[in-house]
Amino acid sequence: MDRSHFFALAAFFFFVLILYVVYAIVSPFLAPLGWAAVIGILTFPLYRRLRRRVGGREPLAAGIMTPAVVLMLVIPVTGFTFFLIHEATLAYAFLEKTAADGGQSLIRGIQNHPLIRQFLAHLEPYTGPLSLEIDARVLPEVKEVAATVLGYSKEIAKNFFLFTLKLILMVITLFFIYRDGERIQRQFLAVVPLNATHKEMLVETVRRVLTAVMYGVFLTCLVQGALGGIGFWAAGLPAPALFGAIMAVSALIPVVGTGLIWFPGALYLILNGEVARGVGLLAWGLVAVSSIDNVIRPFFISGKAKLPVLVIAIGGLGGLAAFGVLGAVVGPIVLALFLALFDIYRREVEKGEAEG
């Protein structure tokens, strides 16, 4: 190996090492940086209009736009998050009390409910020969669930400071995205080894898919909220429009989503003797409200993003599994960029073959 090859390999190794160190430093804050980028890209057209209104003064425009976005988007979402944490804290206290006696008070309360007691009496001739011991089988599970949920509550309390720090970092990053975003984009594209047309194609792909993803998420939340409100109305529960609106917002929460609202409603109906309505609301929530997003969201996004439904579905679900909530937004964008780069390469190959 001659000296030039050695120095090339050494430089490459050093570059990879630097990239790894940079990733290790930035990785704890990828979520707030990513959300700042998403919000900044989506609202940048509004920033451009504001910048023209203030005579092209970028710091002033960014200084006005950032708190405006915080007031419109960040504060409501954060407030709703703390509302959920408060409600979860009450549930944790109940579970802690339940876990203290092994869940016996909870099981006895359920068993003594007139409806449940009647139901168990009907089952006793069938469960007796099987020696079904509810206390022995259910209580350990209740205690384990209580301990798990309590662990989550402690984790939330421990990470409160980190959550606040990430929120502040996101707001600061959003300001610099407004002020320096176009400059950073030009500098980044300058080192991309593609011609101007292909670079513009990649930029347009990111904008189009990101807008389509947020558009699809927004419409899906509205549909889920509407279906949830219809379920509450059909079940005879009060304020179906209000609870439908709350479900539209809670649809953004991964895993549990709208179940935070319709499941307690169904449980309330069942424990108050409205078994048919409660079970109906439970089935409606599982089948129509909570599951519909996996069906309609890819279709909403696919049409506006001009991508196959399968690509959107895999990108969203795979991104969610790999990177959390942010991944559900980034996943389709990454796959769209991959397809765009593949299309560019294919065209160049076909062009070379035609010229040859």
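Residues numbered from 1 in each chain as written. Predicted model: local features only at pLDDT ≥ 70, side-chain atom pairs only at ≥ 80, totals over all residues. Heavy atoms only, no water.

> I would appreciate a short explanation of the packing of aromatic side chains in the present structure.
We describe a pair of aromatic rings using the distance from one ring centre to the other and the angle between the two ring planes. This structure, assessed with the given rule, holds 6 aromatic pairs. Centroid distance phenylalanine 44 to tyrosine 47: 5.1 Å. Interplanar angle 55°. Geometry classified as tilted. Highlighted residues: phenylalanine 44 and tyrosine 47, both in helix 2 (residues 30–53), separated by 3 residues, approximately one helical turn. Like phenylalanine 44, the residue tyrosine 47 is buried in the burial classification. Ring centres of phenylalanine 232 and phenylalanine 243 lie 5.1 Å apart, and the angle between their planes is 35°; this geometry places the pair in the tilted category. One end of the pair, phenylalanine 232, is in helix 8 (residues 196–234); the other, phenylalanine 243, is in helix 9 (residues 240–250), with 11 residues separating them in the sequence. The partly exposed category is assigned to phenylalanine 243, whose relative accessible area is 28%. Clustering of aromatic rings is evident, with ring pairs tying together Phe44, Tyr47 and Tyr178. (Phe/Tyr/Trp six-rings, centres within 6.5 Å; stacked < 30°, edge-to-face > 60°. Helix = DSSP H or I, 4+ residues; strand = E, 2+ residues; numbered from the N terminus. Buried < 20%, exposed > 50% of the residue type's maximum accessible area, 1.4 Å probe, protein only.)

> Even after reading the chapter, I still don't get the nonpolar core, so can you show me in this structure?
For soluble globular proteins, the rule of thumb is that nonpolar side chains tend to be buried together. Core analysis: the biggest nonpolar cluster contains 16 residues, and Val209, Val213, Ile301, Ala305 and Leu307 have the highest contact counts within it. Those elements that place two or more of their residues in this core are helix 8, helix 12 (293–305) and helix 14 (325–355). With 6 residues, helix 8 is the single largest residue contributor to this core. Not counting residues up to four positions away in its chain, the partners in contact with isoleucine 301 are Ala212, Val213, Gly216 and Ile312. Membership of the second largest hydrophobic core comes to 11 residues, among which are Phe232, Leu237, Met247 and Ala266. (Core = buried A, V, L, I, M, F, W, Y, C linked by side-chain atoms within 4.5 Å. Contact = heavy atoms within 4.5 Å.)

> Would you mind going over helix 12 with me for this structure?
The terminal C-alpha atoms of helix 12 lie 17 Å apart, and with 13 residues this matches the ideal 18 Å at 1.5 Å per residue to within 8%. Residues Asp293, Ile296, Pro298, Ile301, Ser302 and Ala305 constitute the buried set of helix 12. Contact partners of the buried residues in helix 12: helix 8 and helix 13 (309–323). Lysine 306 sits one or two positions beyond helix 12 and adopts a positive phi of about 60°. (Expected span 1.5 Å × (residues − 1).)

> Explain the environment of glycine 229 to me, please; I cannot follow it from the model alone.
Looking at where glycine 229 falls in the secondary structure, it is placed in helix 8. In this structure the C-alpha to C-alpha distance between glycine 229 and proline 240, which are 11 residues apart in sequence, comes to 4.7 Å. Setting aside residues up to four positions removed in sequence, glycine 229 forms contacts with Pro240, Gly244 and Met247.

> Got a minute to help me understand helix 2 in this structure?
The α-helix winds at 3.6 residues per turn, so residues separated by three or four positions along the chain end up facing the same way. If you check helix 2, its first and last C-alpha atoms are 33 Å apart, about what 24 residues at 1.5 Å a residue would give, namely 34 Å. Of all the bends in helix 2, the largest measures some 55° and sits at phenylalanine 44, one to four residues before the proline proline 45. What helix 2 keeps buried is the set Pro32, Gly34, Ala36, Val38, Ile39, Gly40, Thr43, Phe44, Tyr47 and Arg51. Directly after helix 2, the chain includes glycine 55, whose backbone phi takes a positive value near 75°. (Bend = angle between axes of the 7 residues up to and from the residue.)

> Explanation requested: the confidence of the model for the protein chain in the structure shown.
Reading predicted coordinates in detail is not appropriate for stretches of low pLDDT. Put simply, the protein chain has an average pLDDT of 77, and 74% of its residues get 70 or more. Here helix 6 (residues 134–158) stands out as the least confident element of the protein chain, with mean pLDDT 53; helix 2 is the most confident, with 89. Throughout residues 129–135 the model reports pLDDT below 50, and contacts reaching past four residues in sequence, or to other chains, amount to 11 contacts. (pLDDT = per-residue confidence, 0-100.)

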